Amino acid sequence: MPSEPAAQRKRALRAEIRERRQNMSSNERDAATAGLTENLESITVDLSARSVACYLSTPFEPNTRPFINWAEAQGIRVLFPVSREDGLLDWTVGEENVETEGIYGLPEAVGELLGPIAVNDVDLIVVPASAVDSHGVRMGWGRGYFDKTLGSMERCPPVYAVVFDSEVFDEVPRERHDEPVSGAITPTRILSF
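Asker: How would you explain the pairing of strand E9 (residues 159-162) if you had to name every residue and give the values?
Answerer: Residues of E9 alternate between two faces, with Val-159 and Ala-161 on one and Tyr-160 and Val-162 on the opposite face, all of them buried. As paired strands, strand E6 (residues 124-128) and E9 are joined by 4 bridges and run parallel to one another. Looking across to E9, one finds that Ile-125 is bridged to Val-159. In the sheet, E9 pairs with strand E11 (residues 183-185) via 3 bridges, with the strands oriented parallel. Each bridged residue has a counterpart across the sheet, and for Tyr-160 the counterpart in E11 is Gly-183.

The following block contains the structure:
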């Protein structure tokens, strides 16, 4: 199968990135959060976004929570993804300000489910990634939720992957189902592809 080598390379790279993330010091993490938040705020302002879709980060991911707090304080509507068993994402504004553990153990907002097409109304989509490359190829964590979502949108707003600086590569393994992103946000850079 032609995609098998890419799938194997992805698994190896994900394992390396996961280990690197787990070994970050709290000082490195705090510095990364400050820069990342500033860059996320900047791209939101540059795009005049009044509504964004953004995930709740895990403790080992680049921290999106300060950005979410800022966006909500600015009156920007934030949609949060909620995983479904069928591989699609529902969305909620998380009006209960409560988090739960989703079907894969990831943090998810609790609130009224708005359905998969609710994301069509946002001005910016912020997605998790394990790595990106300079061509806009995003490597996720292997479940394909965001690839399915982005691939099904009629008119997709700008999509930015959030990664640490060391997770931007010249090239990452790509499979046919992988959806490209518009750019990447790191603690020190805003990259547009």
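Now that the structure is up, let's keep going.
Asker: Go over the pattern of salt bridges, please, and point to the residues and values.
Answerer: Evaluated as defined, the whole model comprises 9 salt bridges. A salt bridge links Lys-10 to Glu-175, with the nearest nitrogen and oxygen atoms 2.9 Å apart. Taken together, the residues Lys-10 in helix H1 (residues 4-22) and Glu-175 in the loop between strand E10 (168-169) and E11 connect sequence positions 165 residues apart. A relative accessible area of 15% means that Glu-175 is categorised as buried. For Glu-16, the salt bridge goes to Arg-20, with nearest N and O atoms at 2.6 Å. With a gap of 4 residues between them, Glu-16 and Arg-20 both fall in helix H1, about one helical turn apart. A relative accessible area of 31% means that Arg-20 is categorised as partly exposed. The network of salt bridges with common partners includes Lys-10, Glu-175 and Asp-178.

Asker: Describe in detail the packing of aromatic side chains, supporting the description with residues and values.
Answerer: Tallying each qualifying case throughout the model produces 2 aromatic pairs. Judged by centre distance (5.9 Å) and plane angle (70°), the rings of Tyr-104 and Tyr-145 are edge-to-face. Residue Tyr-104 is found in the loop between strand E4 (99-101) and strand E5 (107-109), and its partner Tyr-145 is found in helix H4 (residues 145-152); the two are separated by 41 residues along the sequence.

Asker: Could you give an account of unusual backbone geometry, naming the residues involved and the relevant values?
Answerer: Phi at Ser-48 takes a positive value of approximately 50°, unusual for a residue other than glycine. Along the chain, Ser-48 falls in the loop between helix H2 (26-46) and strand E1 (51-54). For Asn-97, which is not glycine, the phi dihedral falls at a positive 50°. Within the fold, Asn-97 resides in the loop between strand E3 (89-92) and E4. Owing to a relative accessible area of 67%, Asn-97 belongs among the exposed residues under this scheme.

Each value, and the rule that gives it
Residues numbered from 1 in each chain as written. Predicted model: local features only at pLDDT ≥ 70, side-chain atom pairs only at ≥ 80, totals over all residues. Heavy atoms only, no water. Buried < 20%, exposed > 50% of the residue type's maximum accessible area, 1.4 Å probe, protein only. Helix = DSSP H or I, 4+ residues; strand = E, 2+ residues; numbered from the N terminus. Pairing = 2+ DSSP bridges. Salt bridge = Lys/Arg side-chain N within 4 Å of Asp/Glu carboxyl O. Phe/Tyr/Trp six-rings, centres within 6.5 Å; stacked < 30°, edge-to-face > 60°.

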